[in-house]
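# Structural features, examined
Here's the letter readout for the chains.
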Amino acid sequence: MSIWKKAISTAALATALATSTVTVAQAAPMRIAVVVKALGIGFFDAVHKGAEEAAKQIGDVQIIYTGPTKTTAEGQIQVIDSLIAQRVDAIAISANDKDALVPALKKAMQRGITVISFDSGVAPEGRLMQLNASSTPLIGQTLIKLAADHMPNGGEVAVLSASATATNQNAWIAAMKGEMKNYPNIKLATVVYGDDMADKSYREAQGLIKTYPNLKAIIAPTTVGIQAAAQAVEDAHMVGKINVTGLGLPSEMAGHVHSGASKSFAIWNPIDLGYAATEIAYNLATKKAVAKPGAKISMGRMGTVTLDEHNDGAMANPFVYDASNVDQFAKIF
Ligand code: RAM
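Because the structure is a prediction, the values reported are computed rather than measured.

## Structural notes on the overall build of the chain
- If you tally the helices and strands in the chain, you get eleven helices and 14 strands.
- Projected onto its principal axes, the C-alpha coordinates of the chain cover approximately 85 × 55 × 35 Å.
- In the chain, which comprises 333 residues, the proportion classed as buried is 52%.
- The contacts in the chain between residues at least 6 apart in sequence include a share of 70% that link residues at least 24 apart.
- When the accessible surface of the chain is totalled, it reaches about 14,700 Å², and 56% of it is carbon and sulfur.

What follows is the structure in C-alpha cells.
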C-alpha cells in the first residue's frame, strides 16, 4: 500500500471511529439549551455555573449555554432557530422581549422541544412556564426601600434599567412605582435604559448625573447597570451625594461598596437560578412534571416551585448586601 493510500485508510478509520462516538453520544444525554439575554454578563455566567451543577447532579444532561452578543430579541430569535435545527430537547430562556420571541418559541414547542422561560419571562403562549427569581412585588418594595433607607430628607431618584423591553426589569419598575405611594417625599425623576451593555449604561448614568443636579439615588435593577452607575458616580466625584443601589452581584459591587458609591444593594443567588431552571426543564422534558396552574414542580435542592394561574412561579427571596457581608459573598457570585 502506498503511503498516500495508507493515509486515506487511516483517515477513513478515524472518521468511522468519530462517527461511532457520535452515535453513542446521541443516545445518551438530554440537551438543555440555556439561552441568556446576552453573552458576557457576569450574572448569566453564574446562571451557567448553576445549570452545569444541575446537569452533573442529574447525570444524563448536557448544557448548551448560548445567547446573542447584544440584548436584542432579533439576536435571540436567531439563536432559537439554530437550536431548533440542532433538535435540542429543551430551551430555558431569559427573554429580551416577552412578545417578539413567541413565534420562534411556538415553533420550537411544535417540534417537541420543552420551552420554559426564567429570569425575564416570555408571554404565556410562548412557553410552558416562567420561573421568576423572586416575587415581583417583593423586589419592587426592596428596591425603593434600599434607596429610601439612605434618604432621610427624601428627594429625587432615577432608575437606570436594562433594555426597554426586558420583561423582568419592566415588572420590577412597575412594582416599585406602585410601592412609591408609601414614600411621598421621594420623587422618580426619570427612567433610562443602558441595554445591559456596560458602555451604554455608563453613558446613561453620566447623563443622569449631569441632568439632575439634586439626584439623591440611582436605582439600577440590573447587575450591569448598577456597576456602571457606581463607576460613573465615582468618576464624577459624586460619592456621598448620589447613592447607587438596585440589584447587583457582590463580586462586581464589593469595590463600589467600599468606595462608598453604593451603601447597599440586593440580589438572589444566580447560581441557584440556573440550577433551578435546569432542574425544571429536565422534569418537564422527561414528563416527571406537568406545567399547569397549581402544579408544584421540583427544583432539586431548591425545593419546589408552585405555579400561579399564568404558570408563573418564584424561586426565592432577594438578600441585601452591604459593607458587613459583601466580601464574604463576593467569593461565591
Ligand atoms: C442583569 C440582567 C438579569 C437580571 C439581573 C438582576 O444581569 O438584566 O436579567 O435578573 O441583572
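## Re the pattern of salt bridges
- Taken as a whole, this structure holds seven salt bridges when the rule is applied.
- Across the pair Arg301 and Glu53 runs a salt bridge whose closest N-O atoms are separated by 2.9 Å. You can see Arg301 sitting in the loop between strand S11 (296-298) and strand S12 (304-306) and its partner Glu53 sitting in helix H2 (residues 42-58), a full 248 residues away along the chain.
- Classification of Arg301 as partly exposed rests on a relative accessible area of 41%.
- Owing to a relative accessible area of 30%, Glu53 belongs among the partly exposed residues under this scheme.
- Between Asp99 and Lys98 there is a salt bridge, with its nearest N and O atoms 3.2 Å apart.

What counts as what
Residues numbered from 1 in each chain as written. Predicted model: local features only at pLDDT ≥ 70, side-chain atom pairs only at ≥ 80, totals over all residues. Heavy atoms only, no water. Helix = DSSP H or I, 4+ residues; strand = E, 2+ residues; numbered from the N terminus. Buried < 20%, exposed > 50% of the residue type's maximum accessible area, 1.4 Å probe, protein only. Contact = heavy atoms within 4.5 Å. Areas by Shrake-Rupley, 256 points an atom, 1.4 Å probe, with all protein chains shown as cover. Salt bridge = Lys/Arg side-chain N within 4 Å of Asp/Glu carboxyl O.

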